[in-house]
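Here are the chains, one letter per residue:
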There are 2 protein chains.
Amino acid sequence: MQIGELSERTGVAPATIKYYVREGLLPAGERLGGNRTEYSDAHEQRLRLVRAMLEIGQLSVASVRDVLAALDEPGAPIAATFDVAQQALSRAAVPDVSEPTAASLARVDALVARASWGDCDDNIGRDIAARVLDGFERAGFPLPDDYLDRYAEAAQVQAEADLGAVGLLPDRSRMTELMVVGTILGDPLALGLRRIAQAVVTNRRSTP
Amino acid sequence: MQIGELSERTGVAPATIKYYVREGLLPAGERLGGNRTEYSDAHEQRLRLVRAMLEIGQLSVASVRDVLAALDEPGAPIAATFDVAQQALSRAAVPDVSEPTAASLARVDALVARASWGDCDDNIGRDIAARVLDGFERAGFPLPDDYLDRYAEAAQVQAEADLGAVGLLPDRSRMTELMVVGTILGDPLALGLRRIAQAVVTNRRSTP
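Residues numbered from 1 in each chain as written. Chains lettered and ligands numbered in written order. Predicted model: local features only at pLDDT ≥ 70, side-chain atom pairs only at ≥ 80, totals over all residues. Heavy atoms only, no water.

> Explain the packing of helix H3 (residues 41-56) of chain A against helix H4 (residues 61-72) of chain A residue by residue, including any values.
Residue and element names in this part refer to chain A. Here H3 crosses H4 at 135°, and the two axes come no closer than 10 Å. The orientation of H3 relative to H4 falls into the category oblique. Crossing handedness for the pair H3 and H4: right-handed. The segment H3 lies against H4, with Arg46, Leu49, Val50, Met53 and Leu54 engaging Val61, Val64, Val67, Leu68, Leu71 and Asp72. Taken together, the residues of the contact of H3 with H4 sort by class into 9 nonpolar, no polar and 2 charged. (Axes fitted to C-alpha atoms, helices over the stretch in contact; angles between N-to-C directions. Helix = DSSP H or I, 4+ residues; strand = E, 2+ residues; numbered from the N terminus. Parallel < 35°, antiparallel > 145°, perpendicular 65-115°, else oblique. Left-handed = near helix turned anticlockwise from the far one by under 90°. Contact = heavy atoms within 4.5 Å. Nonpolar A, V, L, I, M, F, W, Y, C, P; charged D, E, K, R; others polar.)

Set out below in structure tokens:
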């Protein structure tokens, strides 16, 4: 397809598409001679992915480039690709407070052990969760372990759903793409549904 | 206590405490004559809450004022207070994309019906979840209903844990405060644990 059709299908302006090509976020189309450049379905899919990262994930162009490089690494284990994506997609979510305390890191490790999750020392989620525990503590509401265990249970339900959806896809490239999109979009999905569920449970329990 | 002790206990500089008083986020201390002003434990707790909203929730001063006004509304049903807090605390989380499509709103409504959650038309989470569905669709990965149902299940586990923790507190004012803190801090907690769980599940399933 020509750039006009690619633009129409994705809702991205031709000038923006050219900008993505210059920035290395999208491979150049195939030059057919004259002024014609041909784009494929793979271009369209890559463009959709780039838009999701930039607009919904609010990643910088540099971060999108990092994630795409990991996606395109030939023969990389899927878990390694996912790790790069997680790091890039999670930085904005880290609460902007001082380093987590050793006590909170230890609590997260204990939680991980109770959930039988194995080793997670390098996972960015460990640091995020520990900072949050510090935040609750400082706000004057230390969290009980039981509360954390319920949240871990919910996280596991989400992660199984994520991987289940990924497993339905036909090839590795689509699978890693969905991991990226799911990491970005799963957060606000979870947040939105948590808001609804909180209101539902509050209304059921509270006496007016 | 004097402002120096309040500052030491909370880690908030005296000039910042005075700024919060001027901005109406913290009631003034009791003037004891001379230059002495006395602050109570209630001041300390309110100050911790304000900090959590500003720093970790990254709310504006105006939004914090709205939430505090709802908290301090005498005799307001707890569900109404929670609703104001949810709105204020969720605005930043709404994906910055066009209005949700009618099709996605209908899918969220169907999901809510399957979860037996009752009416949620006014909940901000409905709009957020619908925008996310649009985002997945535009990224080229429409989500199956089954995936959404698992996320709803996880949200309910979280919400029950939230309300359970709130129910352990001695009075209404502490309960509504925890609802606010839990809404702000529960999001990154859930996000961090979801990251860990995703890595764990991916590592277990993927062949290297």
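> Just give me the short version of the relation of the copies chain B and chain A, but keep the residues and values in it.
Of the transformation superimposing chain B on chain A, the axial component is 0.0 Å and the angular component is 180°, with the fit at an RMSD of 0.0 Å. Taken together, the rotation and translation relating the two chain copies correspond to the operation of a two-fold axis. Taking C-alpha positions as the reference, the residue of chain B nearest the rotation axis is Ala154(B), at 2.2 Å. Here 100% of the contact residues of chain B are again contact residues in chain A; the copies associate through an equivalent surface. (Least-squares fit on C-alpha atoms with pLDDT ≥ 70 in both.)

> Describe a negative patch on the surface, listing the residues and the values that go with them.
A cluster of acidic residues, Asp83(A), Asp119(A), Asp121(A) and Asp122(A), forms a negative patch on the protein surface. The residue Asp121(A) is located in the loop between helix H6 (102-114) and helix H7 (124-138) in this model. (Patch = residues over 30% accessible without salt bridge, like charges linked within 9 Å, V, L, I, M, F, W, Y side chains within 5 Å. Areas by Shrake-Rupley, 256 points an atom, 1.4 Å probe, with all protein chains shown as cover. Salt bridge = Lys/Arg side-chain N within 4 Å of Asp/Glu carboxyl O. Lys, Arg positive; Asp, Glu negative; His and termini not counted. Charge placed at Lys NZ, Arg CZ, Asp CG, Glu CD.)

> Before we move on, can you summarise the interface of chain B and chain A with the specific residues and values?
Interface size is often expressed as the accessible area that is lost when the parts come together. The partner chain A presents 84 residues to the 84 residues of chain B that form the contact. Both faces combined, the contact of chain B with chain A buries some 7600 Å², and carbon together with sulfur accounts for 70% of it. Summed over the three residues of chain B that lose the most area to chain A, namely Phe141(B), Leu189(B) and Arg195(B), the buried surface amounts to 9% of that side. Residue Asp162(A) pairs with Arg194(B) through a salt bridge whose shortest N-O separation is 3.3 Å. Put simply, chain B and chain A have 23 residue pairs in polar contact (both at pLDDT 80 or more) between them. (Buried area = accessible area lost by both parts, 1.4 Å probe. Polar contact = N/O pair within 3.5 Å; in protein donor to acceptor, adjacent residues only side chain to side chain.)

> How would you explain the pattern of salt bridges if you had to name every residue and give the values?
Residues and elements named next belong to chain A. In the structure shown here, the tally under the stated rule is 34 salt bridges over all chains. In this structure, the salt-bridge partner of Glu153 is Arg150, at a minimum N-O distance of 3.6 Å. With Glu153 and Arg150 both in helix H8 (residues 145-167) and 3 residues apart, this pair spans about one turn of that helix. In this structure Glu153 comes out as partly exposed when scored by relative accessible area, which is 40%. (Buried < 20%, exposed > 50% of the residue type's maximum accessible area, 1.4 Å probe, protein only.)

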